[in-house]
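Chain by chain, the residues:
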Amino acid sequence: MKKLIFTLMVALFMTACSTSQKEQNENFSYTVDAFADMQILRYRVPQVEALSVRQKELLYYLTEAALNGRDILYDQNGKYNLLVRRTLEAVYTNYDGDKNTADFCAFETYLKRVWVSNGIHHHYGNDKFVPEFSQAFFENEVNKLPVSSIEKIGVSRSEILATLIPVIFDPEVAARRLVQDSGVDLIQASACNYYEGVSQTEAEEFYNAMKSPADETPISYGLNSKLVKQDGVLVEKTYKIGGLYSAAIEKIVYWLEKAQSVAENEQQQFVISKLIEYYRTGDLKTFDDYSIAWVNDTASHIDFVNGFIETYGDPLGMKASWESLVNFKNTEATKRTEIISSNAQWFEDHSPVAKEFKKEQVKGVSAKVITAAILAGDCYPTTPIGINLPNANWIRAAHGSKSVTIENITSAYDMAAHGNGFAEEFAWSQAEIDLMNNYGFVTDNLHTDLHECLGHGSGKLLPGVDPDALKAYGSTIEEARADLFGLYFMADPMMIKLGLLPDKDAYKAEYYKYFMNGLLTQQVRIELGKNVEESHMRNRQLIARWVYEKAKDDHSVELRERNGKTFVVINDYEKIQQHLGELLAEIQRIKSTGDYQAAHDIVENYAVKLDPALHKQILNRYAGLNIAPYKGFVNPVYTPIYDKNGIFVDLKIDYTENYVEQHLRYSADYSSLPTFNK
Ligand code: ZN
């Protein structure tokens, strides 16, 4: 599970064409590019120079293993995405006309957005991008492409045009990547590429038939495959060497084998060997073995995620998108999470949930603060700020989980956010602005730590409850559970006692920001007339709305008008903590008992709908600030240095590559899959 950033605080000035601009901080420029609703940032990798030569070598091989999976996600997100990307890049690099025309500017923006989303649908909202360049421009440019470019794409010119004109220009075709509305066939309605020719009912029956309630260690059914109907029969096409996405997986395995040879210790070597075995066989039992070995590797300084991990992109929440994150431990900041982890049992015992839903023994909640070295797949270019894995419930219960906060990423967000006018526009008074300025960075990081280290790992399912019982509402409920656990305890005096917060006012910064975001400002990410779709956003609105409704009697939190603008006013922070505790108890009950109806009701009642008048007001106020609602990143460039005998001696890191250069390089160097994958 991953935690996404929810502060929206970076200023930029949007123009019709995209702009590159510099924002200097200690000679490090955080802002790389800006277009549409995006701002692209750089992140630093502090202390990478301090790694040993062997660690640098390991790090380098893992980053190569990460970058080689890029095409997989494009294809998972939609079956035309690789064709779209390759065609657009060919047009872009061959273009020799006037680069200031409206068509070219709009075309460039569209391509940059495709890179952001690893496909043609918005990475967060899931809607297909509306091209603002003309179909005539596109046809003309494709017709001008040299034969060598067409051959590289591997699809004839006429087929490219016949396929892509509706895919890009017809709003009805592949309109949404992921649909989670109740009452429709979610698979038929979603354009993601995890199923083909299969109805939702067929897919559910197919996997239900595999599950046995008596199985206490179930594999993650369907996690690493596409489900297709062939001659009337349902077949899983497994992602593995010799199966679907073989060419990319072979490259990943090639670099993993090199990594294995310079692993830091035997346990890590074993972890990598299990991952390789899994990529060779596609066996989900082996994936579980790998996950357990990975959880048990807490000694290594360098660590990584590489595989089919998160299921947010599948409307049924079973099939995982490919991602990779390579990182190493931030030793200093990790002291903070070690304090949290070593007190995990205290938090579990003191949580406000009913006793029967608590873990008697919280096992191995290992937590650390890490420095990201490379982001890839579903972690790139938009990235989580915290991760807690593995996702399998029984492994978490029996072996614990690893939880990380990615502090060089949160720090990049924070550095890029100063002085953009956001807090001044949306906070009720200077008192709240001061709170957030004084404590915001500390409390944000702490909330992420609590969410990941304790929240996801807390509580238990009652025996026999199907972990997928909440279906499409499962992710929202799970994220709400983790957020609530963190929010509830942030106000506990234990935080000060443990030295995690400086004083009794600090948590108020997080509460104010959370309610301001959940009730008001996160709506800037949604187009007028649309519902809240993404599960982290749903979770935040659920929590904020539920408490707000609950507070109608005691006025602990209210919405107030001033000069036609709506603000969050918090009158009683302690009372809010109490309400958060009540909601946590209910959300944990829903999760523990698999109460689908209650999950449906609470999500549909609080988390999905927006008040159109308020939404419009927020959008207008936000538009006046010229802030991009979404952030993405470029990775640093790593260059290995070898001596004259071919021995690895050093790793050079460079931060100067821009957004366009990076994507074109990745497409040239790390693109092994065919344009269509079957
Ligand atoms: Zn989470």
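Caption draft 1: Representation of the overall build of the protein within the structure. In terms of regular secondary structure, the protein is built from 26 helices and 18 strands. Relative to its length of 678 residues, the protein is compact, with a C-alpha radius of gyration of 24 Å against a globular reference of 26 Å. When the backbone C-alpha atoms are referred to their principal axes, the protein occupies close to 70 × 60 × 60 Å. Within the protein, buried positions represent 61% of all 678 residues.

Caption draft 2: Broad picture of the sheet that holds strand S5 (residues 38-42). One open sheet holds the three strands; their spatial order is S4-S5-S16, and the pairing between them is mixed. Looking along the sheet, the strands with just one partner apiece sit at the ends: strand S4 (31-35) and strand S16 (630-634). Sheet twist, expressed as the average angle between the axes of neighbouring strands with direction ignored, equals 25°. As judged from the four bridges shared by S4 and S5, these two strands associate in the antiparallel manner. For Ala34, the partnering residue across the bridge sits in S5 and is Gln39. Against the sheet, helix H4 (residues 102-117) contacts S4 and S5, and its axis sits at roughly 115° relative to S4.

Caption draft 3: Representation of the side chain of Asn445. For Asn445, the position within the fold is in helix H18 (residues 430-455). On the accessibility criterion, Asn445 (3% relative accessible area) is buried. Discounting chain neighbours no more than four positions away, the residues touching Asn445 are Arg336, Thr405, Glu407 and Thr410.

Caption draft 4: Inspection of the sheet that holds strand S7 (residues 225-230) at higher detail. With mixed pairing, three strands are arranged side by side in an open sheet as S6-S7-S8. In this open sheet, the two edge strands, each paired with only one partner strand, are strand S6 (195-196) and strand S8 (233-238). In terms of strand pairing, S7 meets S8 through six bridges, oriented antiparallel. The residue bridging Lys229 from the neighbouring strand is Leu234, located in S8. Its contacts with the sheet put helix H9 (residues 200-208) on S6, S7 and S8, and the angle it makes with S7 is roughly 115°.

Caption draft 5: Broad picture of the nonpolar core. Ranked by internal contacts, the top residues of the largest apolar core, which has 137 residues, are Leu59, Phe138 and Leu256. With near-sequence residues (within four places) excluded, Leu59 lies in contact with Val48, Leu51, Ile302, Val326, Phe328, Ala373, Tyr638 and Leu651. Of all hydrophobic cores here, the second largest spans 76 residues; its members include Phe489, Ala491, Ala544 and Ala551.

Caption draft 6: Geometry of the pattern of salt bridges. By the definition in use, this model includes 38 salt bridges. Asp71 serves as the salt-bridge partner of Arg85, at 3.0 Å between the closest nitrogen and oxygen. Here Arg85 is found in helix H3 (residues 81-94), whereas its partner Asp71 is found in helix H2 (residues 70-77), with 14 residues between them in sequence. By relative accessible area, Arg85 is classed as buried at 0%.

Caption draft 7: How the structure looks around the environment of Gly232. The topology assignment puts Gly232 in the loop between S7 and S8. Judged by its relative accessible area of 61%, Gly232 falls in the exposed class. Between the C-alpha atoms of Gly232 and Pro674, which are 442 residues apart in sequence, the distance is 26 Å.

Caption draft 8: Examining the packing of H3 against H4 more closely. It is at 10 Å that the axes of H3 and H4 come closest, and there the two elements cross at 140°. Overall, the two elements H3 and H4 adopt an arrangement that is oblique. Two packed elements cross with a definite hand, and for H3 against H4 that hand is left-handed. In contact with Val84, Arg85, Leu88, Glu89, Val91 and Tyr92 of H3, H4 contributes Phe104, Phe107, Glu108, Tyr110, Leu111, Val114 and Trp115. For the contact of H3 with H4, the class distribution of residues is 10 nonpolar, no polar and three charged.

Caption draft 9: Quick peek at the packing of aromatic side chains. Scanning the model with the defined rule gives 44 aromatic pairs in all. With a centroid separation of 6.3 Å and an interplanar angle of 90°, the aromatic rings of Tyr80 and Phe676 are classed as edge-to-face. Placement of Tyr80 in the loop between H2 and H3 and of Phe676 in the segment after helix H26 (659-669) is noted, with a sequence separation of 596 residues between them. Members of the aromatic cluster, joined through ring pairs, are Tyr92, Tyr95, Phe104, Phe107, Tyr110, Phe129, Phe133, Phe137, Phe138 and Phe169. For Lys402, the ring lying beneath its charged end belongs to Trp294, and the centroid distance is 4.1 Å. Its end group placed over the ring of Trp428, Arg562 keeps NZ or CZ at 4.3 Å from the ring centre.

Caption draft 10: Quick look at the environment of Asn343. Along the polypeptide, Asn343 turns up in the loop between helix H13 (331-342) and helix H14 (344-350). Judged by relative accessible area, which is 19%, Asn343 ranks as buried. For Asn343 and Pro218, which are 125 residues apart along the polypeptide, the C-alpha to C-alpha distance reads 30 Å. Excluding residues within four positions of it along the chain, Asn343 makes contact with Met494 and Leu498.

Caption draft 11: The arrangement of the environment of Ser246 in detail. Here Ser246 shows up in helix H10 (residues 246-261). For the pair formed by Ser246 and Glu323, sequence separation is 77 residues and the distance between their alpha carbons is 16 Å. Those residues within four positions of Ser246 in sequence are excluded, and the remaining contacts are Lys240 and Ile241.

Caption draft 12: Expanded view of the side chain of Lys368. Here Lys368 shows up in strand S11 (residues 365-377). Under the relative-accessibility criterion, Lys368 is labelled buried at 8%. A polar side-chain atom of Lys368 sits 3.3 Å from a polar atom in the side chain of Asp303. Setting aside anything within four residues of it in sequence, one finds Lys368 in contact with Ser300, Asp303, Lys329, Thr334, Thr337, Ser403, Val404 and Thr405.

Caption draft 13: Unusual backbone geometry, seen in detail. Pro381 follows Tyr380 through a cis peptide bond whose omega is -5°. Secondary-structure assignment places Pro381 in the loop between S11 and strand S12 (386-389). The residue after Leu389, namely Pro390, is reached through a cis peptide bond having omega 0°. Looking at the element boundaries, Pro390 is found in the loop between S12 and helix H15 (393-399).

Here is what the cut-offs are and how they apply
- Residues numbered from 1 in each chain as written.
- Predicted model: local features only at pLDDT ≥ 70, side-chain atom pairs only at ≥ 80, totals over all residues.
- Heavy atoms only, no water.
- Helix = DSSP H or I, 4+ residues; strand = E, 2+ residues; numbered from the N terminus.
- Rg over C-alpha atoms; globule rule 2.2 N^0.38 Å.
- Buried < 20%, exposed > 50% of the residue type's maximum accessible area, 1.4 Å probe, protein only.
- Pairing = 2+ DSSP bridges.
- Axes fitted to C-alpha atoms, helices over the stretch in contact; angles between N-to-C directions.
- Contact = heavy atoms within 4.5 Å.
- Core = buried A, V, L, I, M, F, W, Y, C linked by side-chain atoms within 4.5 Å.
- Salt bridge = Lys/Arg side-chain N within 4 Å of Asp/Glu carboxyl O.
- Parallel < 35°, antiparallel > 145°, perpendicular 65-115°, else oblique.
- Left-handed = near helix turned anticlockwise from the far one by under 90°.
- Nonpolar A, V, L, I, M, F, W, Y, C, P; charged D, E, K, R; others polar.
- Phe/Tyr/Trp six-rings, centres within 6.5 Å; stacked < 30°, edge-to-face > 60°.
- Lys NZ or Arg CZ within 6 Å of the ring centre and 35° of its normal.
- Polar contact = N/O pair within 3.5 Å; in protein donor to acceptor, adjacent residues only side chain to side chain.

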